[in-house]
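Examining the three-dimensional arrangement
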Amino acid sequence: MQGKTTLIFFFLIPFFILFFQPHLTNASSTNITAIFAFGDSVFDPGNNNALPTLFRANHWPYGKDFPGQVPTGRFSNGKLTTDILVSQLGIKQLLPAYLDPKVSDKDLLTGVSFASGGSGLDELTAKENHVLSMEDQLNYFEQALKRMEKIVGGKEAERIVEKALFMISAGTNDMLFNFYDLPTRRYISLSGYHDFLLNRLEAFVNELYKMGARKIAVVGLPPIGCLPVQVTINSLLPSFHMFRRVCVQQQNIESQSYNKKLQSLISRLRSTLSGSKLVYADVYNPLLDIIQKPSVYGYDHILEGCCGTGSLEMGPLCNEFNPICVNPSRYLLWDAVHPTQATNEYLVHILQRTVLPQLVD
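Please read these numbers as outputs of a predicted model, since none were measured by experiment.

On to the overall build of the chain. Along its length, the chain carries 13 helices and four strands. Computed over its C-alpha atoms, the radius of gyration of the chain comes to 21 Å, within 12% of the 21 Å expected for a compact globule of 361 residues. The C-alpha extent of the chain, read off along each of the three principal axes, is 70 × 60 × 40 Å. Put simply, the chain has 361 residues, and 53% of those count as buried. A sequence separation of at least 24 residues applies to 70% of the contacts in the chain between residues at least 6 apart. Surface exposure of the chain reaches about 16400 Å², of which carbon and sulfur atoms provide 59%.

Structure below.
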């Protein structure tokens, strides 16, 4: 009987490999040897530390679950999606901030992040928040490219960029700061503002392409109406949902509308930019699924963050004077906007399944 069991076990091994191996993506299977990230706080590992802005996370309790419990400037209790992804691809342990003085020319060869918390596709967003605009980030990448060329030569730098994964996450701050919470752009229709943002994104992608980028993943909007800060603001406005903590469904519908236009843009750019692999990274549906079925994913808290009351605290308002939850892994979000490390790990799992397979050479 034992011999038969052993025989069956070895017989099944190839089937386990066949069915599960595709999800275990690594750098060799995708041929990705570097990651360059752009955008907002979702990808910012500390670039804002060097800027005169309130949008910083280089203080406690940020970094509570980061190695060494160091508040590096990452807007989370631990690692960002870019950190987790670069590690899982076997490239390096963390994706550092370009403006980190410890970053060497050699570090650039495997990627860095240029993202800046509080930034957006709209120049006004970055200007209001005193952070790096998308144009600033592009200029820094151009500077980094020259540094790379100095140590490995033009051809090798070009090869690294061609094989690298470029990740862009932007748009949420534009909607929050310029349309929903502060009406600075509300003289434009919602659809018109979406088009304005996507035109800016298209120009940004075209510039990256001219500089050699070929593998580009663009992250869509999350369910903005379910961010604790939006839930809180909505609960204070006169409406049927006043004093109730529920998602702002209209904002979620509008996020979906933007994402549909974004997918169309990516499809069009993919056909016009020869040799490019542009991919849409969907975070809306994975996050909404968690929000609708939290217990299935092991979450207890969805519409409030772990820091403080979880309703408005973020950046300077999430600080050492705030109480924090006992177990952040049971929370979808760390503060009123940003995901916990547990959520970032789940999102990377989704990226491994949906985005990376489209980037295989």
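What follows is about the pattern of salt bridges. Overall, the coordinates contain eleven salt bridges when judged by the stated rule. For Arg185, the salt bridge goes to Asp122, with nearest N and O atoms at 2.8 Å. Taken together, the positions of Arg185 in the loop between helix H8 (172-180) and helix H9 (190-210) and Asp122 in the loop between helix H4 (105-108) and helix H5 (123-129) put the pair 63 residues apart, joining distant regions of the chain. Taking relative accessible area as the criterion, Arg185 reaches 17% and is therefore assigned buried. The partner of Glu156 in a salt bridge is Arg159, with the nearest N and O atoms 2.9 Å apart. Residue Glu156 and its partner Arg159 are located together in helix H7 (residues 154-163), separated by three residues, close to a single helical turn.

Definitions and cut-offs
- Residues numbered from 1 in each chain as written.
- Predicted model: local features only at pLDDT ≥ 70, side-chain atom pairs only at ≥ 80, totals over all residues.
- Heavy atoms only, no water.
- Helix = DSSP H or I, 4+ residues; strand = E, 2+ residues; numbered from the N terminus.
- Rg over C-alpha atoms; globule rule 2.2 N^0.38 Å.
- Buried < 20%, exposed > 50% of the residue type's maximum accessible area, 1.4 Å probe, protein only.
- Contact = heavy atoms within 4.5 Å.
- Areas by Shrake-Rupley, 256 points an atom, 1.4 Å probe, with all protein chains shown as cover.
- Salt bridge = Lys/Arg side-chain N within 4 Å of Asp/Glu carboxyl O.

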